[in-house]
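Results of the structural survey
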Amino acid sequence: MKNKIERPNWTEYFLQAADLISKRSTCLRRKVGAVLVKDKRILATGYNGAPSGIKHCNVTGCLRDKLGVSSGERHELCRGLHAEQNVLLQAAMHGVSVKGSVLYITNAPCSICAKMIINAGIEGIVYKDNYPDKMAKDFLEEAGIKITRV
């Protein structure tokens, strides 16, 4: 008799990877990790934080906190890139097409990232935690992108 091996299903596996990737985040408010997947293969990963060569918020402090900006508002008032932006940039830097892929992410995207996701040809999003941006959900639904909260 063989011993049964406990294995995560694919959704659990990729969301656990996103959780691990989020631990690289340098954001003081919310740590987000993203994994782009196609045919059960990881194409690229990303986490939120300041661009390469720019001081991180743990050094400068959080501009959004200093200005009293609420979550989900005034995205331009931040030193960092979102995990979704970084995962798309990583794929682009390495010449990896993301068309037809699925994005696994720790938090639902904002409206800016939702527009990028739509134009990148991503077909689905699987996420764990909400994000306070109703416009993002509306954009994604209108574009026909499958959204699944786990």
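Relevant structure appears above.
This is a predicted model, so every value here is computed, not measured. (Residues numbered from 1 in each chain as written. Predicted model: local features only at pLDDT ≥ 70, side-chain atom pairs only at ≥ 80, totals over all residues. Heavy atoms only, no water.)

Section: the overall build of the chain
- Scanning the chain from N- to C-terminus turns up 6 helices and 5 strands.
- A compact globule built from 150 residues should have a C-alpha radius of gyration of about 15 Å, and the chain, at 16 Å, falls within 12% of that.
- Taking the principal axes of its C-alpha atoms as reference, the chain extends roughly 60 × 35 × 30 Å.
- Taking all 150 residues of the chain together, 39% fall into the buried category.
- When the accessible surface of the chain is totalled, it reaches about 9,200 Å², and 52% of it is carbon and sulfur.
- Distance from the positive charge centre (23 side chains) to the negative charge centre (14 side chains) of the chain: 6 Å. (Helix = DSSP H or I, 4+ residues; strand = E, 2+ residues; numbered from the N terminus. Rg over C-alpha atoms; globule rule 2.2 N^0.38 Å. Buried < 20%, exposed > 50% of the residue type's maximum accessible area, 1.4 Å probe, protein only. Areas by Shrake-Rupley, 256 points an atom, 1.4 Å probe, with all protein chains shown as cover. Lys, Arg positive; Asp, Glu negative; His and termini not counted. Charge placed at Lys NZ, Arg CZ, Asp CG, Glu CD.)

A closer look at the environment of A44
- Secondary-structure assignment places A44 in strand β2 (residues 41-47).
- In the structure, A44 is positioned 43 residues away from V87 in sequence and 5.8 Å away in space, judged by C-alpha atoms.
- Excluding residues within four positions of it along the chain, A44 makes contact with A34, V35, L36, V87, Q90 and A91. (Contact = heavy atoms within 4.5 Å.)

Notes on a nonpolar patch on the surface
- A cluster of nonpolar side chains, contributed by W10, Y13 and I42, occupies part of the molecular surface with about 300 Å² of accessible area.
- With respect to the element layout, Y13 can be found in helix α1 (residues 10-22).
- According to the relative accessible area criterion, Y13 is partly exposed, its value standing at 40%. (Patch = residues over 30% accessible without salt bridge, like charges linked within 9 Å, V, L, I, M, F, W, Y side chains within 5 Å. Salt bridge = Lys/Arg side-chain N within 4 Å of Asp/Glu carboxyl O.)

A few points about the sheet that holds strand β5 (residues 146-149)
- The strand order β2-β1-β3-β4-β5 describes an open sheet built from 5 strands, whose pairing is mixed. In this open sheet, the two strands that pair with only one neighbour each are β2 and β5. Strand-to-strand twist of the sheet, defined as the mean angle between neighbouring strand axes without regard to direction, takes the value 20 degrees.
- As paired strands, strand β3 (residues 102-107) and strand β4 (residues 124-129) are joined by 5 bridges and run parallel to one another. Considered in β4, the bridge of I105 is made with Y127.
- Where α1 meets the sheet, it contacts β1 (33-38), β2, β3 and β4, and its direction lies at approximately 145 degrees from that of β1. (Pairing = 2+ DSSP bridges. Axes fitted to C-alpha atoms, helices over the stretch in contact; angles between N-to-C directions.)

Observations regarding the side chain of E84
- Among the secondary structure elements, E84 is positioned in helix α4 (residues 83-93).
- Buried charged residue E84 carries no salt bridge. Nearest counter-charge: R30, at 9.1 Å.
- Dropping the residues within four chain positions of it, E84 is found in contact with A34, L103, I105, N107, A108, P109, C110, C113 and I117.

Here we look at α1
- The end-to-end C-alpha distance of α1, which contains 13 residues, comes to 18 Å, matching closely the 18 Å that a straight helix rising 1.5 Å per residue would cover.
- Taken residue by residue, α1 has F14, L15, A17, A18, I21 and S22 as its buried positions. End-on view of α1: buried residues confined to an arc of 150 degrees, all on one side of the axis.
- Lining the buried residues of α1 we find β1, β2, β3 and β4.
- For α1, the N-terminal capping position is held by N9, with its side-chain oxygen 3.1 Å away from the main-chain nitrogen of T11. (Expected span 1.5 Å × (residues − 1). Arc of directions from axis to C-beta. Polar contact = N/O pair within 3.5 Å; in protein donor to acceptor, adjacent residues only side chain to side chain.)

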